[in-house]
Every structure is written in structure tokens, then in C-alpha cells.
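Breakdown of the fold
Here's the letter readout for the chains.
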Amino acid sequence: MIFKLEDVTVYFPYDNIYPEQYSYMLELKRALDAKGHCLLEMPTGTGKTIALLSLITSYVLSKPENPVKLIYCTRTVHEMEKTLAELKLLHNYQTRHLGPAAKILAIGLSSRKNLCVNSRVLAAENRDSVDAACRKRTASWVRALAAENPNIETCEFFENYEKAASAAVLPPGVYTLQDLRAFGKQQGWCPYFLARHMVQFANVVVYSYQYLLDPKVAGIISKEMQKESVVVFDEAHNIDNVCIEALSVSVRRQTLEGATRNLSRINQEIERFKATDAGRLRAEYNRLVEGLALRGNLPIADAWLSNPALPSDILKEAVPGNIRRAEHFLHVLRRLVQYLRGRLETENVEKEGPVSFVASITAHAGIDQKTLRFCYERLHSLMLTLEITDTDEFLHIQTICDFATLVGTYTRGFSIIIEPFDERMPHIPDPVLQLSCHDASLAVKPVFDRFQSVVITSGTLSPIDLYPRLLNFHPVVSRSFKMSLTRDCICPMVLTRGSDQLPVSTKFDMRSDPGVARNYGKLLVEMVSIVPDGIVCFFVSYSYMDEIIATWNDSGILKDVVETTLALDNYRKACDCGRGAVFFSVARILLARLEYLRDTFQIKEGDFLTFDALRQAAQCVGRVIRSKADYGMMIFADKRYSRHDKRSKLPGWILSHLRDAHLNLSTDMALHIAREFLRKMAQPYDKAGSIGRKTLLSQADLEKMTNDGSINEMLY
């Protein structure tokens, strides 16, 4: 269908549109008009992706004088491929109506592992090994040697791509990762480097969050992206955690042992070069004296990861004199590794800020802040000078240099937390030293500052009001949409007590109560007996899940559930357990983050914990509905949901179905409601609906509603 949305002609590849899709497009358009950022929440199964793609591509077509690039960020490769498949469908529809004027270039970009077509490179077992296998065949020095010695293996696809030079381009079209691989094979060109090259010319680029939020990757992939871009972070309910992880580093004993091996190998390479090609090391030293860490613009295949610090925080000056000579730099790294090894030999949990930690390194290892700050740049330069291609073998020393650079760069928004053991297994020493970032706004700030509009969207962003404070930005639009339905196919309930009327809660002081565990087990057994399809049970943490399943097992409750439905192992896999104890030292890191949020953004601890718990809960139960023809029950089995201030922060599309009669239930009441609901859902599904409200709008409906003014009534 084709319709007018204010001054934009929207090309939408289906015959009907949901009212919430129309509303979503309208709010998105207002953000684009204002050249500002926005937060948009729309339930799963309502066609959010196609609404977003249709509006933005149509917006660009309607305003050819202001060409805008779309950068679409997804969390997984599967989501990336799904987005590109939807875009391909839309692109075909637009070109059918507009001809060549609608042609665009849209590409997905992923790691070498997902794009490589060289079978010998793909034989490597993981992403880092594939990267290294590629470098062994494509690095400029390897290719130079191969020109003289035909026995040295190169990559035919990369060689052909390089030979084609400026002729190596992608014709207009929408390319999934599979399409890129097929095109690469057909032309004999490397699809990975071709896609890397074409990113700057494409109208639409779909790639992972990390390509914009992690400085190590963004510095290589995204530095050429133009300011006139609309950036979309899809499924962005955990975007603050992605930002924090991009600037956090963990160091364990294994890391230090690996780094020690790496330093020995680098030392051997230095000695070899001194004997065979000392001029190369001298040339590097002279370059560093002149303030040039790297040799100008590196060939595309030589570039390694970029600096772990944010671009605006990288010092634009010469590498300090004490680490210009390769052997001196190795000596500094050995002292740093030795210092960190000593810090891991602790029996108590320790927490300190970067300033005092750096002061301690300076006092005990003789390494100052500026030297630490340049560790990454100096290692990168040395690896290139020594022509090291098996980069997957050097991940440990890279981690140490990332840690050093970050701890030497940032004085606020970080903590160093050292834990002697995993609290789930206190008898096994497994110390970890974590440089933990607490400020999500650090990693995303360059994105907000640089690009015209940033769209943060997901099926579950509630409570939506905390995101602008956590990410430190000002959205011009912040909106949560409900789901238009032809029947009441969502049945949320709040269960506060068991059949014995004893309260149930996963509150910490009630977790070990045998009555609570028994009531949760009985609820599950009773529900399994009446629900014809699957049940997914979500726990607040892995540790609580382990504890309660063991209790059920001992008491025989679990036997009924597991033996009649699925094996214990699969049962556990089905439980998506929020964050809980899955992350090592999560409690201390969370406490440090809460303290920082309180002091910096005036976000109270209770507000953040409620926000974090409820978004996890919303994300879990949101999976019960995958389309409007679907149906599902959501049982919030915790007495804390009976409080209005907690419950009200759930997404609006869930709250709109939560009746007063479904609050404060016992297990037997919940079973009665469940039976009635399932009986209703067993009736034939009437797509048109009998509620009287249109949930599918045609082009004619939209035109009529726009003319008679009823469109506003539908929107609000």
C-alpha cells in the first residue's frame, strides 16, 4: 500500500497496516524532522521492523535533496539476516512502483567467520582463529614474500579483489550475508573486504551493536560513516549493559599466564629481527620519536583492532620515550603482569578507583599513567613491525594492554574490583580482577554526538523514563505503543500466594523458606496439568534456580514436571534467568554501579533496581506473544507485583490486559482463570475480530480516516 504521512509518501509492502505501525511511523517521522533522538517501544509481533524500514526509506525518497544513510544495529546475526530479508521485500516493492529511482545499496556486515568463502580459512575453529588464518594469507608482508616465493600461501579471493581495484564494487540491491558470499564466489572476490569497502557508499548498513559502541571495532569499521545518518538500535532494552561491557576488561590467572607466554614469543621475534633485519626495529623507533605510532594509512588487511579508549580520549602525541625501544616496552609489560599477579593473590574482596590503582602501579611497578595510556598503541605498532599474523595467539597480552590503556585514560566512571573466588564455589580459588565501567553514557556519547538521529527501539523498553538518564541524552520523542487486538489473547495475572494462602516471593529473605519453594513447585505442577502447550519458567538468578530445583527434586515435586514434559537439562536450558549470578562478581559490580549512578545522575538505588528487575521480567514474559494470532498467559508469581508502584512500570501493552480481578491471586484462583482463558483461546480465530475496533487498516481506511479526522482518535 502507498499512503501519505504528512509530507512523506510511504511505500509499505503489505495490503494492510496495524494502527500501532501507523502511529510508530508518525512518531519516528517527527524525530527525523527534528533531527533528534527518540525512544520507541512497540510489542513483539506488531511489525516494528518493517514499519521502521518503510518509514525511513520512504522519508529518504521523499527528500532526495537531503540524502540520509540508515545504520541499523542488531544484537545477533540471525536478527541481521531477518532485517535484510524484510528490507529486500520492501526494496522490491518500492522499485516496482518507482523504477530505478528507488534503487539502493543495502548490505549486512559481519565478521570474517560469517563472510569468508575460503574453505581453508573457514576450517579454523572460532572467530579469532578465522581472523588470524585470514591475516596469514592477506597481510601486506605475507603477500610481498609470496610474490617472490610461490610456496607461500595467499588467498585467491583477496588477490582477485585487490587486482580488480576500483572495479570491485557491488551493484545496487539488498545483500544478506548469504548474498554477499554468493556474489563473492561468483566474482572470485573476497566478500568480507568488499563489504568493508562498500560500507561507506551503501544507503543502508546492517551490522552488530559492537561496530558502533565498542571503540576497538568502531575505530576500524565505522569511522567513515557520515553525520547525516539515522542510527537504529533494535531490541535495545539492554543497550546500557552492552555499552558497559564494551569498556570493561576482566583479568584472570589464565590471562596473566597467557600474557607471559606472549611476551616470551615477542621477545624471540625481537631477537630474530635484531639478527636478520635490525633496520626494521630502528625504523619503528624513529617513527615513534617523530610521534607516528603507525605507518600512515595501513593496508586494509593489516589493520588490527582499534584503541579501546573512546576517540576523543586518545592522546594525540608521541609515545613516551621509556617504551619506544621494543625491549624497554616488553620490560614495562613484564612489570605490569607481575604487579597484576600480585594483586590477584588476595583473600578478600577489594574495590578501588582508577586514580588510586594507577598510583599503586606507579609506586610498586614504576609505570606512570601516561605509559599505561599508550600500552595499546605501542603493542599494535610492535605487532605490525614484527609482522605477527597469528593474532589469535596474542589475545592475552592484548587484554592486558586494553586494561592498561583504559585504566590510564579514565579517572571517573570505573572501578577495579578484585574477587578471590566465585561466591558460588568459595572453596575453589579462582581470582578475577575486573576493570568495570559503570557509566553506559560513555560508550554511546560519540554516537549521539556524531549522528543526526539515533532511534532506540524494542518490544520492551519499560520503564522507558530511565533510559535518557542512564544514557545521558535528550530524546525529542519518547513513546510506548499498545497492541491492537481482535480478541483478549493476552492474560497476565499476579499471583501472591499458594493454595495454602502462604505468600510467595523471590525476595531474598523468603527464598530459603520451604513453604515458598513448595508453593512454586505446586503452581508449576498444576499449570502443567492444564496447559496444552509449552511453559517457560523464569527465575531471578541461576543460583536461585539451582537451589529451588534441588529442593523440588528432594521433595519429589520436580519428578512430576520433568518426567512428563522434558528432561532436567532441557528444562534448565528453557529458563532464561535474567542476569543473576551468571556474571562473576555481579553483586560487587552492581553495588559500585549503583553508587556511581546515585552520585553522578541522581538515580536512586531502589529506582534502578526496580527498573532493571522489571525490564528483565518484561523481556521474559514478552516472548509469550509472537504475533497477533498467538495467545499466552503471563503469571507474575511474586507478592511484590501486588504493589502498584512496581506493577505500573511494566509495558503498557501488558498493563492494558491486567484486570483488577487478576491481581492478588492464589494458585487455585489462577488455575480457574487459566482454564477459562484456554477454553476461549481454543475457539476458531476470527482475524477480522468482533470487538468492533479495526486492527487491520487498508489504504482506503487510512484515506477515509485522514479525511474525516478519526485518525487522531485512533492514534491517541
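The model shown is predicted, which means the values in this text are computed figures rather than measured ones.

1. Comments concerning the pattern of salt bridges
Counted under the stated rule, the structure contains 42 salt bridges. For Arg-143, the salt bridge is made with Glu-162, and the minimal N-O distance between the two is 3.6 Å. Here Glu-162 lies in helix H8 (residues 156-164) and Arg-143 lies in helix H7 (residues 140-148), a separation of 19 residues in the sequence. The exposure class of Arg-143 is partly exposed, given its relative accessible area of 22%. Ionic contacts of the salt-bridge type, sharing partners, join the residues Glu-6, Asp-7, Glu-27, Lys-29, Arg-30, Asp-33, Lys-63 and Arg-479 into one network.

2. Looking at unusual backbone geometry
Omega for the peptide link from Ser-462 to Pro-463 comes to -5°, which places this bond in the cis form. Residue Glu-6 is not a glycine yet carries a positive backbone phi of 55°.

3. What to know about the sheet that holds strand E18 (residues 665-666)
As a general point, the strands of a sheet are linked pairwise by backbone hydrogen bonds and lie either parallel or antiparallel. Taken in spatial order, the 3 strands make up an open sheet running E17-E16-E18, and their pairing is parallel. At either margin of the open sheet sits one strand with a lone partner, and together these are strand E17 (632-637) and E18. As paired elements, strand E16 (residues 490-497) and E17 share 6 bridges and run parallel to each other. The partner of Ile-490 across the bridge, within E17, is Gly-632. Across the face of the sheet, helix H31 (residues 667-681) comes into contact with E16, E17 and E18 while running at roughly 170° to E16.

4. Brief notes about the sheet that holds strand E13 (residues 429-437)
Sheet architecture is open: 4 strands sit in the order E10-E13-E12-E11, paired in antiparallel fashion. Edge positions in the sheet fall to strand E10 (249-252) and strand E11 (350-352), since each of these pairs with one other strand and no more. Sheet twist, expressed as the average angle between the axes of neighbouring strands with direction ignored, equals 15°. Across 7 bridges, the pairing between strand E12 (residues 414-421) and E13 is antiparallel. When the bridges of E13 are listed, Phe-414 appears paired with Cys-437. Contacts from helix H14 (residues 253-276) reach E10 and E13 within the one sheet, and its direction differs from that of E10 by about 80°.

Rules used throughout
Position numbers for residues count from 1 along each chain, tracking the sequence in the order it is written. Two thresholds apply to this predicted model, a pLDDT of at least 70 for residue-level local features and 80 or more for giving and counting side-chain atom pairs, whereas whole-chain, interface and lining totals are computed over all residues. Just so you know, side-chain values use all the structure's heavy atoms and leave hydrogens and water out. For salt bridges, the criterion is a side-chain nitrogen of Lys or Arg within 4 Å of an Asp or Glu carboxyl oxygen. Per the convention used, a helix needs a DSSP run of H or I reaching at least four residues, while a strand needs a run of E reaching at least two, with both numbered from the N terminus. Three exposure classes are used, based on accessible area relative to the maximum for each residue type with a 1.4 Å probe and protein chains only: buried under 20%, partly exposed in between, and exposed over 50%. Pairing between strands requires that DSSP locate at least two bridges from one strand to the other. We call two residues in contact when some of their heavy atoms are within 4.5 Å. The axes used here are C-alpha line fits, helices contributing only the stretch in contact, and every angle between their N-to-C directions lies in the interval 0 to 180 degrees.

Purely geometric stuff here, so don't read any function into it on its own.
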